[in-house]
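Given next are the chains, with one letter for each unit.
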Amino acid sequence: MATLKDRTLARVLDIAELQLGYVEHPAESNRTKYGAFMGLDGQPWCLSFIVWIFRKAGFLLYKGTGSCTAFVERYRQYSPRQVITSGFKPGDIVFFDWSGKKTKTEHVGLVTGVSATGSTLTTIEGNTAIGNNSNGGEVMQRSRHIKYVTCAVRPNYPG
C-alpha cells in the first residue's frame, strides 16, 4: 500500500513510465490489469490506466467509472477548481476530443511534458496506438497538440 510520502508528482510519473510498452492480452480484447483493477476488464481502458497509476501512488481519484465523460463531470460537480482548460503542466490528466471541437471526452492521458510554446503536450496514455488514438491496446508515450484537449483535471499534489 502506498504511504503518504509516495503521494508525489514524481511518483505518479515514475509509475506511468514503468508501464510503457504494456499491451492488452489477447490483442483487441481490452483485457488488462488496469481494467481488472476497476472491475471493467474487457472494456476500453484508457481511464482505468490513469486511475490505476494514481492509486499505486497513493491518490484516491474517482474510481466509479471507466467513462472519461462521467469522470470529468464528477470533478466539475465536486471539485470544479481542479478542472482546467489551459496552462497544462506535468501531472495533469488531459481529456481529448479528436474532432478538435472540445465538446466531448474521447480519450485521456497523463501529461509528462509541455513544449516551449505550450502548444504540444507529451503524454503517457493507456489503450492507444499509432493509427488508433483511443482503443489501440498499448501504453505509449504520445505527442498531442492542445487543440485536441477538451479539459484537464489537476490532482491535488502535496506541496
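For the structure, see preceding data.
Residues numbered from 1 in each chain as written. Predicted model: local features only at pLDDT ≥ 70, side-chain atom pairs only at ≥ 80, totals over all residues. Heavy atoms only, no water.

(A) Inspection of the environment of Ala16 at higher detail. By secondary structure assignment, the location of Ala16 is in helix 1 (residues 9-18). Sequence spacing of Ala16 and Thr105 is 89 residues, and the spatial spacing of their C-alpha atoms is 21 Å. The residues touching Ala16, leaving out its near neighbours within four places in the chain, are Ile53, Leu110 and Ile124. (Helix = DSSP H or I, 4+ residues; strand = E, 2+ residues; numbered from the N terminus. Contact = heavy atoms within 4.5 Å.)

(B) A look at the state of the cysteines. As enumerated under the stated definition, the model contains zero disulfides in all. Here Cys68 stays unpaired: no disulfide links it, and the sulfur of Cys46, its closest cysteine neighbor, is 3.9 Å away. Take Cys151: it sits in no disulfide, and the sulfur closest to it among the cysteines is that of Cys68, at 9.6 Å. Given the relative accessible area of 0%, Cys151 is considered buried. (Disulfide = S-S within 2.5 Å. Buried < 20%, exposed > 50% of the residue type's maximum accessible area, 1.4 Å probe, protein only.)

(C) Main features of the environment of Gly126. Positionally, Gly126 belongs in strand 4 (residues 120-128). Taking the C-alpha atoms as reference points, Gly126 and Thr8, separated by 118 residues in sequence, lie 21 Å from one another. Sequence-distant contacts of Gly126, that is, excluding residues within four places in its chain, are made with Trp45, Cys46, Phe49, His107, Glu138 and Val139.

(D) Local environment of the pairing of strand 2 (residues 93-96). Alternating positions in strand 2 separate into two faces, Ile93 and Phe95 on one and Val94 and Phe96 on the other, with burial throughout. Pairing between strand 2 and strand 3 (residues 107-114): four bridges, direction antiparallel. Directly across from Ile93, in strand 3, lies its bridge partner Leu110. Taken together, the four bridges between strand 2 and strand 6 (residues 149-153) define a ladder with antiparallel strand orientation. Across the sheet, Phe95 pairs through a bridge with Cys151, a residue of strand 6. (Pairing = 2+ DSSP bridges.)

(E) The arrangement of the sheet that holds strand 2 in detail. Strand order in the open sheet made by the six strands is 1-6-2-3-4-5, with antiparallel pairing throughout. Looking at the sheet topology across the chains shown, the edges are occupied by strand 1 (83-84) and strand 5 (138-145). Both strand 4 and strand 5 contribute to a ladder of seven bridges, which runs antiparallel. Paired with Thr123 across the bridge in strand 5 is Arg142. Strands strand 2, strand 3, strand 4 and strand 5 of the sheet are contacted by helix 3 (residues 46-56), whose axis makes an angle of about 50 degrees with strand 3. Of the strands in this sheet, strand 1, strand 2, strand 3 and strand 6 are in contact with helix 4 (residues 68-78), which crosses strand 6 at around 55 degrees. (Axes fitted to C-alpha atoms, helices over the stretch in contact; angles between N-to-C directions.)

Geometry only, nothing functional implied.
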